[in-house]
Amino acid sequence: MFNDIGALELLTLVVLAVLVFGPEKLPKVIQDVTRTIRKIREFSDSAKEDIRSELGPQFKDFEFEDLNPKTFVRKQLMDGNDDLGLKEIRESFDLRKEMAEVTDAVNGREAAPSTGTAAAASGAAAATPDLLKKPAQPAKDERPPFDADAT
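Residues numbered from 1 in each chain as written. Predicted model: local features only at pLDDT ≥ 70, side-chain atom pairs only at ≥ 80, totals over all residues. Heavy atoms only, no water.

**Student:** Tell me about the overall build of the protein, and name the residues and values.
**Tutor:** Of the regular secondary structure elements, the protein holds 5 helices and 0 strands. In the protein, the succession of α and β elements from N to C terminus is α-α-α-α-α. The buried share among the 151 residues of the protein stands at 5%. Split by element, the accessible area of the protein, about 14,000 Å² in all, is 60% carbon and sulfur. (Helix = DSSP H or I, 4+ residues; strand = E, 2+ residues; numbered from the N terminus. Buried < 20%, exposed > 50% of the residue type's maximum accessible area, 1.4 Å probe, protein only. Areas by Shrake-Rupley, 256 points an atom, 1.4 Å probe, with all protein chains shown as cover.)

**Student:** Which residues make up helix α4 (residues 95-107), and what values do they have?
**Tutor:** With 13 residues, α4 extends 18 Å between its outermost C-alpha atoms, agreeing within 8% with the 18 Å of an ideal straight helix rising 1.5 Å per residue. Once α4 ends, the next one or two residues include Gly108, with phi positive near 80°. (Expected span 1.5 Å × (residues − 1).)

**Student:** Which residues make up a nonpolar patch on the surface, and what values do they have?
**Tutor:** A cluster of nonpolar residues, Ile5, Leu8, Leu10, Leu11, Leu13, Val14, Val15, Leu16, Val18, Leu19, Val20 and Phe21, forms a patch on the protein surface that exposes about 1,100 Å² of accessible area. Mapped onto the elements, Ile5 comes out in the segment before α1 (7-55). (Patch = residues over 30% accessible without salt bridge, like charges linked within 9 Å, V, L, I, M, F, W, Y side chains within 5 Å. Salt bridge = Lys/Arg side-chain N within 4 Å of Asp/Glu carboxyl O.)

**Student:** Lay out α1 with the relevant residues and their values.
**Tutor:** Between the first and last C-alpha of α1 there are merely 44 Å, a value that for 49 residues lags more than 12% behind the 72 Å anticipated at 1.5 Å per step. Along α1, the sharpest kink reaches roughly 100°, centred on Gly22 and followed within four residues by the proline Pro23. Residue Gly56 follows α1 closely and has a positive phi angle near 100°. (Bend = angle between axes of the 7 residues up to and from the residue.)

**Student:** Could you give me a rundown of the environment of Arg109, with the residues and numbers involved?
**Tutor:** Relative to the helices and strands, Arg109 resides in the loop between α4 and α5 (118-127). Relative accessible area serves as the criterion here: at 49%, Arg109 is assigned to the partly exposed category.

Structure follows, in structure tokens:
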């Protein structure tokens, strides 16, 4: 919880606590805070155990940390679970290469094929859109098409 607090921040907190509560009341305040934290932890642990016991034996490996969306995505997509073939997709996708191709297309340069055959490179070049091409301007009297779903 306090992994990023340095020595200077800790010293500042101690000095502030002494100034706010005074040296006489500070030990009592520390005891009250630690007691409250301990009660909150006990309440949390008992609630977790109650939920686990109510879920039944099929959820014995259930972890509450998995409810965090970031942890869930990391566990499902990045771990060894490769039911969807995501490992192949991750390995085949090269972000630097893709960004270089987009930059070359925007700047009007022809991208040099780094790997693969000439046929694959020409097929990839045909599949990429021309980003420099400007859309045709409609006539002044012509109204743009009406999209009922957009309004």
